[in-house]
Amino acid sequence: MTLAPASKPTRRVIADRMLEAGAANTDFVVFESDIGYSTYSYLFGDAYPARYFNMGIAELGTMAAAAGMAAEGRPVVVCGYGVFLSMRALEAVRSFVCYPRLNVKIFSSHGGVTAAIDGVTHQATEDIAFMGTLPGMTVLVPCDSASATAAFDLALGADGPVFVRLMRDPLFEVYPAGTGFRIGGSAMARKGRHVTIAAYGDMVIQSLEAAALLETDGVEAEVLDLYSVKPFDEAALRESLSRTGALVVAENHQVRNGLGYALASWCMRNGVHVPFAQIGLQDTFAESGSYPLTLEKFGMDPSSIAAAARAVIGRKKRSEQ
Amino acid sequence: MTGNNPEMPVGRIASLEAHARDIRREIVSMVHAAQSGHCGGSLSSADIVAALYFDILNIDPARPRMAGRDRFVLSKGHACPVLYAALALRGYLPVEELSTLRRNSSRLQGHPVAPYLPGIDATTGSLGMGFGQAVGMALEAKMTGAGHTVYTLLGDGELDEGLVWEAAASAAKFKLDNLVAIIDRNNLQNDGYADDIMPMEPIDRKFEAFNWRVIKIEGHDMSAIVTALESARTRSGKPTCIIAHTVKGKGVSFMEDRREWHGKAPSDEEKAKACAEIAGGRS
Ligand SMILES: Cc1ncc(C[n+]2csc(CCOP(=O)(O)OP(=O)(O)O)c2C)c(N)n1
Ligand SMILES: [Mg+2]
């Protein structure tokens, strides 16, 4: 696999795009809760001080204020860490942003164990479950610079609340600049015919690495990037599974109530019966450490994904016999 | 209450100051080894934590779960290097283990996790929530008639969290005079000066209005720290808040009062320079 290393993490890409967009789109404002030097929202604040509100370390109050301003008709961006945005601020997001369908766009850094080093209190490993459960919430998870830039534009352009999950550290560039992305869309990160690996965010990159490992055994894995986690691209999933007949869902999240559960439920409801496996945290908390070693320890690294792929392919063969 | 207390034996203070220097050295060394972690807020509270762990707290490293021991909750959990250093130097864990900070399988997680390491009373790292846990511990002590004291250390930025004021109100309602909240008033938080990011002054009058007893000290004056902590221990029917005026990064000239040293790891060169300054007694 020869992907170019990313020079910036997706959290920084979003902040740069926000700064750029701020010139032409003079409508939106940005709320921050004292981690502007980590989300890089300070760049916007320095350029547009009158449109930047640093509310201090007060994530719930920040979200309530964001809802209030959005209720007045103004599009509002809220930046922060996933754990605090998806948990401390959850009730405000649910009842006062999603319920009234307000234009609040949440840019949420430190998704999954990409913040491994900081430990469990800083790892958003249930955010997709919380945010994906809220009626009317759109959930986007870019994996690289091109998709993160697009995610900012899609979020601002959408009518209603959007949650965008971002990463702490730079990984790799997957898509050429200018690639088209849409809400409800997907990207074929790699074409294959033996198994579909559905993933989002950093796990697209881990899955591409897994596909490279599988290739050495003659296994052709397809990597379907469901960057639009909610709503997800049902047509692309159906089409891919019709060719591969086996599904692994790889997510940097609890296996419970994330994308894996959503896809399994969709398969059941739609009569798509394929061998199925999930990569993610298996009902456990992670720990502090390096990102790659933490993935390895919790069975989310490329070789674990490859093993899961081999296993579902094995089950497919048995059921076909 | 500030300045030197003439009653205080000089040896006691000098020895605590030496412990604070050791703690500072270990903070810088472990964050350097991890190449990740929070120096500034650990260094600003090193003198307070030295006084607690080497003098004030009734604890026994050989019996970390001893009944009736005093409790310490690091509500500003990101400053755990100061806690890990104090615990190691006090004998709860080998000092060499400090270099495993933030590594996979280490007991020294990025933020403190109670069950991982003996001597840690509460899991923290999400600001505002350690204070509430300390209230619960003090309530338990009141309910069972246990005589120990619960200490908690908060950041001044942490005071932005509404949760802090919920905890403050409940502590006063239940007359938790066995609870001592120490505020590390270094006037810096993540994004800049605390007074700019979210003005919270007058902090003393806020706590007084919440029906707390308030003591203000210079947070690097060891004799003032010890005097305040001893006086806070006396039961008065009210919880006590000690506002300790400190300097973020204290003891390392190039880290002092610098926002960027909130959560940055020193290079090899910076570590050597920092350790030399600390050994030189600048703290
Ligand atoms: C609920 C919550 N929000 C945000 C953070 C991220 N964070 C870690 S430290 C910090 C600044 C803390 O400032 P302060 O309380 O003054 O601590 P100190 O200056 O003593 O380091 C922030 C915002 C967090 N740990 N918890
Ligand atoms: Mg501070």
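Keep in mind it's a predicted model, so treat the numbers as computed, not measured. (Residues numbered from 1 in each chain as written. Chains lettered and ligands numbered in written order. Predicted model: local features only at pLDDT ≥ 70, side-chain atom pairs only at ≥ 80, totals over all residues. Heavy atoms only, no water.)

### With respect to the interface of chain A and chain B
- Counting residues at the interface gives 26 residues for chain A and 24 residues for chain B.
- Its largest share of buried area at the contact with chain B, chain A owes to Y37(A), I57(A) and R88(A), together 32% of the area lost on that side.
- At the boundary of chain A and chain B, one finds 2 salt bridges.
- The closest approach of N and O atoms between R102(B) and D118(A), which form a salt bridge, is 2.8 Å.
- Taken together, the links from chain A to chain B amount to 23 residue pairs in polar contact (both at pLDDT 80 or more).
- Put simply, the parts of the chain that give the side of chain A that touches chain B at least two residues each are α2 (36-39), β3 (52-54), α5 (82-88) and α12 (291-297) of chain A.
- Here the side of chain A that touches chain B is built from residues that sort into 9 nonpolar, 10 polar and 7 charged. (Contact = heavy atoms within 4.5 Å. Buried area = accessible area lost by both parts, 1.4 Å probe. Salt bridge = Lys/Arg side-chain N within 4 Å of Asp/Glu carboxyl O. Polar contact = N/O pair within 3.5 Å; in protein donor to acceptor, adjacent residues only side chain to side chain. Helix = DSSP H or I, 4+ residues; strand = E, 2+ residues; numbered from the N terminus. Nonpolar A, V, L, I, M, F, W, Y, C, P; charged D, E, K, R; others polar.)

### A look at the site of ligand 1
- The immediate surroundings of ligand 1 are formed by 24 residues, with E59(A), K76(B), H78(B), D156(B) and K248(B) found nearest.
- In this structure ligand 1 sits where residues from chains A and B come together.
- Interatomic distance of 2.7 Å between a side-chain N/O atom of K76(B) and an oxygen atom of ligand 1.
- H78(B) has a polar side-chain atom sitting 2.7 Å from an oxygen atom of ligand 1.
- When ligand 1 sits alone it has 590 Å² of accessible area, and the protein chains cover 99% of it.
- In the shell around ligand 1, the residues fall into 5 nonpolar, 11 polar and 8 charged. (Near = heavy atom within 4 Å. Areas by Shrake-Rupley, 256 points an atom, 1.4 Å probe, with all protein chains shown as cover.)

### A few points about the coordination of the magnesium ion (ligand 2)
- Bound to the magnesium ion (ligand 2) are the protein donor atoms D156(B) (OD), N186(B) (OD1) and L188(B) (O), situated 2.1 Å from the metal.
- Exposure remark for N186(B): the relative accessible area of 5% places this residue in the buried category. (Donors = N, O, S within 2.8 Å, 3.2 Å for Na, K, Ca; no water. Buried < 20%, exposed > 50% of the residue type's maximum accessible area, 1.4 Å probe, protein only.)

### A few points about the nonpolar core
Residues and elements named next belong to chain B.
- Judged by nonpolar contacts, the single largest core of 64 residues is most densely connected at L52, Y53 and F72.
- Broken down by element, this core gets its largest block of residues, 9 residues, from helix α1 (residues 10-34).
- Other than its neighbours up to four places away in sequence, F72 contacts V49, L52, Y53, L57, L83, D121, Y151 and L153. (Core = buried A, V, L, I, M, F, W, Y, C linked by side-chain atoms within 4.5 Å.)

### Considering helix α1 (residues 10-24) of chain A
All names here are of chain A.
- In this model, α1 (15 residues) spans 22 Å end to end at C-alpha, consistent with the 21 Å of a helix rising 1.5 Å per residue.
- Among all positions of α1, only T10, R11, V13, I14, A15, D16, M18, A21 and G22 are buried.
- On its buried face, α1 sits against β2 (29-32), α2, α3 (42-47), β4 (76-81), β5 (104-109) and α8 (145-157). (Expected span 1.5 Å × (residues − 1).)

### Digging into the packing of helix α3 (residues 46-56) of chain B against helix α9 (residues 222-233) of chain B
Residue and element names in this part refer to chain B.
- At a minimum axis distance of 10 Å, the contact between α3 and α9 shows a crossing angle of 60°. Between α3 and α9, the angle falls in the class oblique. Here α3 runs over α9; the crossing is right-handed. In contact with D47, I48, A50, A51, L52 and I56 of α3, α9 contributes M222, I225, V226, L229, E230 and R233. (Axes fitted to C-alpha atoms, helices over the stretch in contact; angles between N-to-C directions. Parallel < 35°, antiparallel > 145°, perpendicular 65-115°, else oblique. Left-handed = near helix turned anticlockwise from the far one by under 90°.)

### Comments concerning the domain arrangement of chain A
Residue and element names in this part refer to chain A.
- Split by domain assignment, chain A resolves into domain 1 (4-173) and domain 2 (187-320).
- Taking the mean C-alpha position of each, domain 1 and domain 2 sit 26 Å from one another.
- Residue-level contacts link 29 residues of domain 1 with 28 residues of domain 2.
- Carbon and sulfur atoms make up 65% of the area that domain 1 and domain 2 hide from each other, which totals about 2100 Å².
- Ranking the residues of domain 1 by area buried against domain 2 places V113, V141 and C143 at the top, with a combined share of 23%.
- For the interface between domain 1 and domain 2, the tally reads 0 salt bridges.
- In this assembly, domain 1 and domain 2 are joined by 15 residue pairs in polar contact (both at pLDDT 80 or more).
- When contributions to the side of domain 1 that touches domain 2 are tallied by element, the ones reaching two or more residues are α7 (127-133) and β6 (138-140). (Domains from an automatic or database assignment.)

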